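Single-letter residue listing:
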Amino acid sequence: MKILITGTGYVGLVTGIAFANFGFDVTCYDIDKDKIQLLKNDKCPIYEKDLEKYMIKCKNNIIYTTDFKNSFKNPDVIFICVGTPENNDGSANLKFVYEICDKIIENVNNDCVVVIKSTVPIGTNDIIEKFIQDRIKNKIKIYVVSNPEFLSQGTALKNTLNASRIIIGANEKYAKDIMLKIYKPFTKNPYNVPIITMDRKSAEMVKYASNDFLALKISYINEISNFCELVGANIEDVTLGMSYDDRIGKKFLNSGIGYGGSCFPKDTKALHWLSKDYNSELKTIKACIDVNKKQKTKIFDKFNKYFKKINNRNVAILGLTFKPETDDIREAPSIDNIKLLLKNNCKITVFDPVGINNIKKIFKDKINYASSIKECIKNKEAVFIMTEWEIIKNLDINFFIKHMKFPIIFDGRNCFDLLLVKKYKVDYISMGRENIFNLNKNKEI
Ligand code: UDX
């Protein structure tokens, strides 16, 4: 069984490596020559735990190439894993998906299953199948299958090999059988991944409904967290109390400065846009988007209230990526906060274990880049925590006292235990919890 993966981003590369790991003959195609060269040299182009190790382990079953003519010729299954970025109006942009379709139309010369893993609006699989079938030159049959991806960055390989579920949306038996065949190794010990088959539109919907539900859960808890601040409750005790109800569970209830990344922001907007297209606006999704937009800069609002005059403040930011264990800064709350701080002429020094190079591409020489936490916070008037990296969570509070001009901490990710922080002479402002003013006793925000 020959598998062609198109697009070697998080989804494509991890999917390709997972299939190669099970002994399939895999070709990974990408338009990006630099990326393919890195892969050919056994170097993983993305920061993702264990991926490089697995890449090397299965290198005999996998080819990386930019040569579409040969790679598209005769695969049994083609996975479309290219990006579907958002248009200005929030709808999904399918330009890259169609570029792959054109290559399929031009080059494929045997019956084949085309699997859409990219997140696409409901109904796209039907449209794509017709688009290809109407134009294909060779007398062959193309079956389009929806197979959404649920991996999280940072745990991508684990989430693929030990997936919570594999969703297969196929309208014909032939396509469904091929999919069941290639995914069979995933269903065996020790992976035991359940496979759920359904029609294509439902499969497309599973992806949006899952991601948007998780995003909604975060916006919900952030709104409750903001309300806790007003009424004097503690969000951590509240979520702990909620979590004992297993219908609610304890995951994805961490309040903070909102969700970022390449999926939640895009997928909530895309579904909301689609619902408006059907004249049936999804109001919960709209609320989720609005709450998250405001939440991202809540920590700046607290800083603004604390100092009243923020012009020219010399501040540090610890953590830049949209979550720990990734170098991805797409839609990261750090970006929105840096923009606001710059607008107010603050002097900013940032640190992140792996995200610095990506943030440099946006802010260039407008901010300072530190290579250690100590260098970052040295003599600063305040520090922000934007990502809950372990090395930040493990810091001793005395470290802030020792190196900062004033140990004033704005923690957007609730990295420290309140009872512990209360013992130190610091001001500590976090999310959904009591503010600690041990430095400036009469402060109020
Ligand atoms: C997400 C989905 O989890 C995954 O199933 C889907 O396939 C792709 O989108 P990912 O974007 O990698 O994965 O990140 P995720 O771990 O879900 O976190 C998204 C954002 O939510 C991060 O910014 C994170 O900080 C935030 N978050 C998460 C919270 O603010 N609170 C939480 O309790 C959990």
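(A) How the structure looks around the layout of surface pockets. Each pocket or cavity is described by its volume, and for the second largest pocket that value is around 420 Å³. In terms of lining residues, the second largest pocket is bounded by 15 residues, among which Asn226, Glu229, Leu230, Lys302 and Asn435 are the most central. When contributions to the lining of the second largest pocket are tallied by element, the ones reaching two or more residues are helix H9 (200–231) and helix H13 (298–307). Grouping the constituent residues of the lining of the second largest pocket by class yields 4 nonpolar, 4 polar and 7 charged.

(B) Structural context of a positive patch on the surface. There is a patch of like positive charges on the surface, built from Lys49, Lys158, Lys250 and Lys251. For lysine 158, the position within the fold is in helix H7 (residues 156–161).

(C) Spatial organisation of the packing of aromatic side chains. One pass over the full model with this rule turns up 23 aromatic pairs. On the basis of an interplanar angle of 50° and a centroid distance of 6.2 Å, the ring pair of phenylalanine 300 and phenylalanine 303 is categorised as tilted. Of the two residues, phenylalanine 300 and phenylalanine 303 both sit in helix H13, 3 residues apart, roughly one turn of that helix. Pair check on accessibility: phenylalanine 300 and phenylalanine 303 agree, each one buried. Aromatic ring contacts, followed pair by pair, group Phe19, Phe22, Phe24, Phe79, Tyr183, Phe186 and Tyr191 into a single cluster. Just above the ring of phenylalanine 150 sits the side chain of arginine 165; from NZ or CZ to the centre is 3.7 Å. Over the face of the ring belonging to tyrosine 369 we find lysine 360, whose NZ or CZ atom lies 5.3 Å from the ring centre.

(D) The arrangement of the side chain of threonine 65 in detail. By the secondary structure assignment, threonine 65 is in strand S3 (residues 62–65). For threonine 65, the side chain forms a polar contact with the main-chain nitrogen of aspartate 67, separated by 2.8 Å. Not counting the four nearest positions on each side in its chain, threonine 65 is found in contact with Thr27, Cys28, Tyr29, Asp30, Ile36 and Ser71.

What counts, and where the lines are drawn
By convention here, each chain's residues receive numbers from 1 onward along its written sequence. pLDDT decides what is reported in this predicted model: residues at 70 or higher carry local features, side-chain atom pairs at 80 or more are listed and counted, and totals for whole chains, interfaces and linings draw on all residues regardless. The side-chain numbers reported here are obtained from all heavy atoms of the structure, hydrogens and water having been left aside. Residues are said to line a cavity or pocket when one of their atoms sits within 4 Å of a point; the points come from a 1 Å grid over protein atoms alone, cavities being sets where a 1.4 Å probe fits but cannot get out and pockets being open sets with protein on both sides within 12 Å along at least five of seven lines. Grid points are joined across faces, edges and corners, and a volume is the space filled by probe spheres set on the points. Here a strand is any run of E in DSSP of at least two residues, a helix any run of H or I of at least four, and the numbering for each starts at the N terminus. Three categories are distinguished: nonpolar for Ala, Val, Leu, Ile, Met, Phe, Trp, Tyr, Cys and Pro, charged for Asp, Glu, Lys and Arg, and polar for the others, with Gly belonging to the last. Any residue with relative accessible area above 30% and no salt bridge may belong to a patch, with like charges joined within 9 Å and the nonpolar Val, Leu, Ile, Met, Phe, Trp and Tyr side chains within 5 Å. Working definition of accessibility: Shrake-Rupley area with a 1.4 Å probe, residue cover restricted to the visible protein chains. Only one rule defines a salt bridge in this text: a Lys or Arg side-chain nitrogen within 4 Å of an Asp or Glu carboxyl oxygen. Under the counting rule used here, the positive set is Lys and Arg, the negative set is Asp and Glu, and His together with the chain ends is not counted. By convention, the charge on Lys lies at NZ, on Arg at CZ, on Asp at CG and on Glu at CD. Whether two aromatic rings pair depends on their centres lying within 6.5 Å, for rings of Phe, Tyr and Trp, where Trp uses its six-membered ring; planes under 30 degrees apart make the pair stacked, over 60 edge-to-face, and the rest tilted. Throughout, exposure labels follow a simple rule: accessible area from a 1.4 Å probe, protein chains only, divided by the maximum for the residue type, with under 20% read as buried, over 50% as exposed, and the rest as partly exposed. Remark: a charge is flagged as sitting over a ring if the NZ atom of Lys or the CZ atom of Arg is within 6 Å of the ring centre and within 35 degrees of the ring normal. Pairing of N or O atoms within 3.5 Å defines a polar contact, subject to two protein rules: one partner must be a possible hydrogen donor and the other a possible acceptor, and residues neighboring in sequence count only if both atoms are side-chain atoms. We call two residues in contact when some of their heavy atoms are within 4.5 Å.

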